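# Structural characterization, general
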Amino acid sequence: MTSSTTFQPVLERIAEEIERTPGRGRPADYIPALAARDPRSFGMAVAEPDGTVYGVGDWRRPFSAQSITKVFTLALGLAREGDALWEHVGREPSGNPFNSLVQLEYENGIPRNPFINAGALVVTDRLHTRTGDASGELLEFLRAESGNTELTFDEEVAASETAHGDRNAALGHFMASYGNIDNPVPVLLDQYFRQCSIAASCADLALATTFLARHGIRADGTRLLTRSQAKQINAIMLTCGTYDAAGDFAYRVGLPGKSGVGGGIIAVVPGRCTLCVWSPGLDERGNSVAGVAALDRFTTLTGLSVF
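Attention here is on the structure that accompanies the text. (Residues numbered from 1 in each chain as written. Predicted model: local features only at pLDDT ≥ 70, side-chain atom pairs only at ≥ 80, totals over all residues. Heavy atoms only, no water.)

### Remarks on the pairing of strand 1 (residues 43-47)
Counted residue by residue, strand 1 has five buried out of five residues, so it is predominantly covered. Side chains of strand 1 alternate between two faces, with Gly43, Ala45 and Ala47 and Met44 and Val46 buried alike. Across five bridges, strand 1 lies against strand 2 (residues 53-57) in antiparallel orientation. Bridge pairing in strand 2 places glycine 43 opposite glycine 57. (Buried < 20%, exposed > 50% of the residue type's maximum accessible area, 1.4 Å probe, protein only. Helix = DSSP H or I, 4+ residues; strand = E, 2+ residues; numbered from the N terminus. Pairing = 2+ DSSP bridges.)

Now the structure itself:
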């Protein structure tokens, strides 16, 4: 790809191909507030490091960011405490479902990585200890980086997750029994569910992710992460960002990415651009069927990849 002006035609071609594709998976029915989403909805945005953004389909329609927010909470946590964070959470792929208790017991309450639910709970817990309001800190960061001051929590989704959050509560209490959680578990769960409930569009999330394409530099030019820390987050996204399908995602897409069960996926081409794609129909591992296919086509059509 020689010119950024070719991003828009590429997105339009991808949208046309996706529209003709049968079988889009099923929305996340275990969160009732997400179950009614139309699996054929589709949006995709590409943001360049200078803030230029291109989009197609439902690219400005807000959706539930869910686990995509774990990337930003990790960045905020890593910026505050550096390598000390890794004493409490690992950096290895899990190979197990994202809400597994079994692995946590084998590893003495230290989650395998920051993107499975247990790991994200630890990161949110530590950020909450340092800020007094982890979800509020995250929301302000996303508003600043996306330029959208209207971003907010979806209270219906947060309440829905709280009502069906027994597994996450079990993970929190289990890690607390090993001394790996600082805050009262109910406080932590409230923060975590609010974090996951943030509603944002493909445009918002593509723009908010550009600090990783800029090697740690925020939209206002200040540095959030060292270049090395930005590289670390991109590496963990590549190896752990799509639950236990990370190997297949790396094989097909070849970019650091992070999915959420709301149907969104963000991806990073370091130094070049960031992407967000949304389609709420999921595969059996919790990743957007059309989203993965669209990112696969993007890297194929543009030749942009980390490999």
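### Here we look at the side chain of threonine 299
Structurally, threonine 299 is set in helix 14 (residues 289-302). By relative accessible area, threonine 299 is classed as buried at 9%. The contacts of threonine 299, once residues within four sequence positions are left out, are Arg252, Val253, Leu255 and Leu304. (Contact = heavy atoms within 4.5 Å.)

### Focus: helix 12 (residues 227-240)
Between its first and last C-alpha, helix 12 extends 20 Å over 14 residues, near the 20 Å set by a 1.5 Å rise per residue. Turning to helix 12, the residues buried within the fold contact helix 3 (69-81), helix 11 (210-213), helix 13 (246-252), strand 6 (257-259) and strand 7 (264-269). (Expected span 1.5 Å × (residues − 1).)

### What about the packing of aromatic side chains?
Counting across every chain of the model gives eight aromatic pairs. Seen in terms of ring centroids, phenylalanine 174 and tyrosine 178 are 5.3 Å apart; in terms of plane orientation they differ by 55°. Their pairing is tilted. Relative accessible area serves as the criterion here: at 38%, tyrosine 178 is assigned to the partly exposed category. Taken together, a centroid distance of 5.9 Å and an interplanar angle of 55° make the contact between tyrosine 192 and phenylalanine 193 tilted. Side by side, tyrosine 192 and phenylalanine 193 carry an identical accessibility label, which is buried. Among the aromatic residues, those joined into a ring-pair cluster are Phe7, Tyr54 and Phe298. Positioned over the ring face of tryptophan 59 is arginine 60, at 4.1 Å from the centre of the ring. One residue, arginine 194, lies across the ring of phenylalanine 153, its end atom 4.1 Å from the ring centre. (Phe/Tyr/Trp six-rings, centres within 6.5 Å; stacked < 30°, edge-to-face > 60°. Lys NZ or Arg CZ within 6 Å of the ring centre and 35° of its normal.)

### Some remarks on the state of the cysteines
The bond known as a disulfide is covalent and runs between the sulfur atoms of two cysteines. Taken as a whole and judged by the stated rule, the model has zero disulfides. With no disulfide of its own, cysteine 202 has cysteine 276 as its nearest cysteine by sulfur position, at a separation of 4.1 Å. The class for cysteine 276 is buried, based on a relative accessible area of 0%. (Disulfide = S-S within 2.5 Å.)

### Things to note about the sheet that holds strand 1
Strands sit in the order 2-1-8-7-6 across an open sheet of five strands; the sheet is antiparallel. The open sheet has two edge strands with one neighbour each: strand 2 and strand 6. The mean angle between the axes of side-by-side strands here comes to 10°, regardless of whether they run parallel or antiparallel. Here strand 1 runs beside strand 8 (residues 273-278); their pairing, made up of five bridges, is antiparallel. Directly across from glycine 43, in strand 8, lies its bridge partner tryptophan 278. (Axes fitted to C-alpha atoms, helices over the stretch in contact; angles between N-to-C directions.)

### Description of the sheet that holds strand 4 (residues 152-153)
A sheet is described by the order of its strands in space; here three strands give the open sequence 3-5-4, paired in antiparallel fashion. Strands with a single pairing partner mark the edges of an open sheet, and in this sheet they are strand 3 (63-64) and strand 4. In the sheet, strand 4 pairs with strand 5 (residues 198-200) via two bridges, with the strands oriented antiparallel. Across the sheet, the residue bridging to threonine 152 is alanine 199, located in strand 5.

### Thoughts on the nonpolar core
In terms of nonpolar packing, the biggest core is built from 62 residues, with Phe72, Leu205, Leu212, Leu225 and Ile233 touching the most fellow members. Once residues lying within four places of it in the same chain are set aside, the contact partners of leucine 205 are Phe63, Ala65, Ile68, Phe72, Ala200, Ile266 and Cys276. By size, the runner-up hydrophobic cluster in this structure holds 26 residues, among which are Ile18, Met44, Val46 and Val292. (Core = buried A, V, L, I, M, F, W, Y, C linked by side-chain atoms within 4.5 Å.)

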